[in-house]
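Notes for the structure review
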Amino acid sequence: REQAGKILDLERTSFVLNSSWLAGLRLEEVVRLCSLFTVAQILEREDFTVRYREGRPIFLHEFLYPLLQGYDSVELKADVEIGATEQKFNLLAGRAMQEAFGQEKQVVITMPVLVGTDGRQKMSKSYRNHIPVDTTPVDMFGKVMSIPDDAMPEYFRLLTEVPPDECQRRIAASPRDAKAFLAAEIVSSFFGKEA
């Protein structure tokens, strides 16, 4: 909640736990959810396709994840769901489930996954390349300063409202100064200009 409060107005935000509906699902209901998709459809998910072609294992419980995430959309009667591009299959599963349950299908908005401070892998606490929103302004500034120069355009595009031509101009003039400007923009969006 504290982290979400850095971005969302908590007075207008509701938090729900999907365990309140998933924990009560009976086996026959889970089987009904499974009947809404074919194995071929599930294998269309890019990461499953790659693993299947490479002969790497895909466990049955992994097939359930998009179904249960899709069922969340049904229970919430979601009209919009936002997620990373890598979650597109799961988000679309929500639309398919809503249709099967006679609901209007949600609008799906996807956003690119931000590369982490290593400049290679997606930003993730697990990869130890993330910039937490619940840190100090000084730490956030320092972590942004540690990103590789070639990651700056993506950070500018996804995390600021600075026009692309200004970003390019700043980077071309002085990558170090551009990165300091970027770090200040990001810190101010979470902590205010004073910080």
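Residues numbered from 1 in each chain as written. Predicted model: local features only at pLDDT ≥ 70, side-chain atom pairs only at ≥ 80, totals over all residues. Heavy atoms only, no water.

In this fold, G5 is placed in the segment before α1 (19-22). Taking the relative accessible area as the measure of exposure, G5 reaches 32% and is therefore partly exposed. Remark: the alpha-carbon pair of G5 and D134, spanning 129 residues in sequence, is separated by 10.0 Å. (Helix = DSSP H or I, 4+ residues; strand = E, 2+ residues; numbered from the N terminus. Buried < 20%, exposed > 50% of the residue type's maximum accessible area, 1.4 Å probe, protein only.)

Moving on, we get to the pattern of salt bridges. For the structure on display, the rule yields 11 salt bridges. A salt bridge links E62 to R51; the shortest N-O distance between them is 2.8 Å. One end of the pair, E62, is in helix α5 (residues 60-76); the other, R51, is in helix α4 (residues 46-53), with 11 residues separating them in the sequence. You can call E62 buried: its relative accessible area is 18%. We classify R51 as buried; its relative accessible area is 15%. (Salt bridge = Lys/Arg side-chain N within 4 Å of Asp/Glu carboxyl O.)

We now examine the nonpolar core. One broad trend across soluble globular proteins is that nonpolar side chains are buried collectively. Grouped together as the largest cluster of nonpolar side chains are 17 residues, with contacts concentrated most on V144, I147, M152, Y155, F156, L182 and I186. At the level of elements, α7 (137-145), α8 (152-159) and α10 (175-191) are the ones that each hand at least two residues to this core. Per-element tally for this core: the top contributor is α10, with five residues. Sequence-distant contacts of L182, defined by excluding residues within four places in its chain, comprise V144, I147, M152, Y155, F156 and T160. Core analysis: the second largest hydrophobic core is formed by 14 residues, L25, L33, L43 and A93 among them. (Core = buried A, V, L, I, M, F, W, Y, C linked by side-chain atoms within 4.5 Å. Contact = heavy atoms within 4.5 Å.)

A few words on the packing of aromatic side chains. The tally for this structure, following the rule as stated, stands at three aromatic pairs. Here F48 and F63 contribute two aromatic rings whose centre-to-centre distance is 5.5 Å and whose plane-to-plane angle is 55°, an arrangement assigned as tilted. On the criterion of sequence distance, the pair formed by F48 in helix α4 and F63 in helix α5 is long-range, its members being 15 residues apart. In this pair, the class of F48 matches that of F63, namely buried. (Phe/Tyr/Trp six-rings, centres within 6.5 Å; stacked < 30°, edge-to-face > 60°.)

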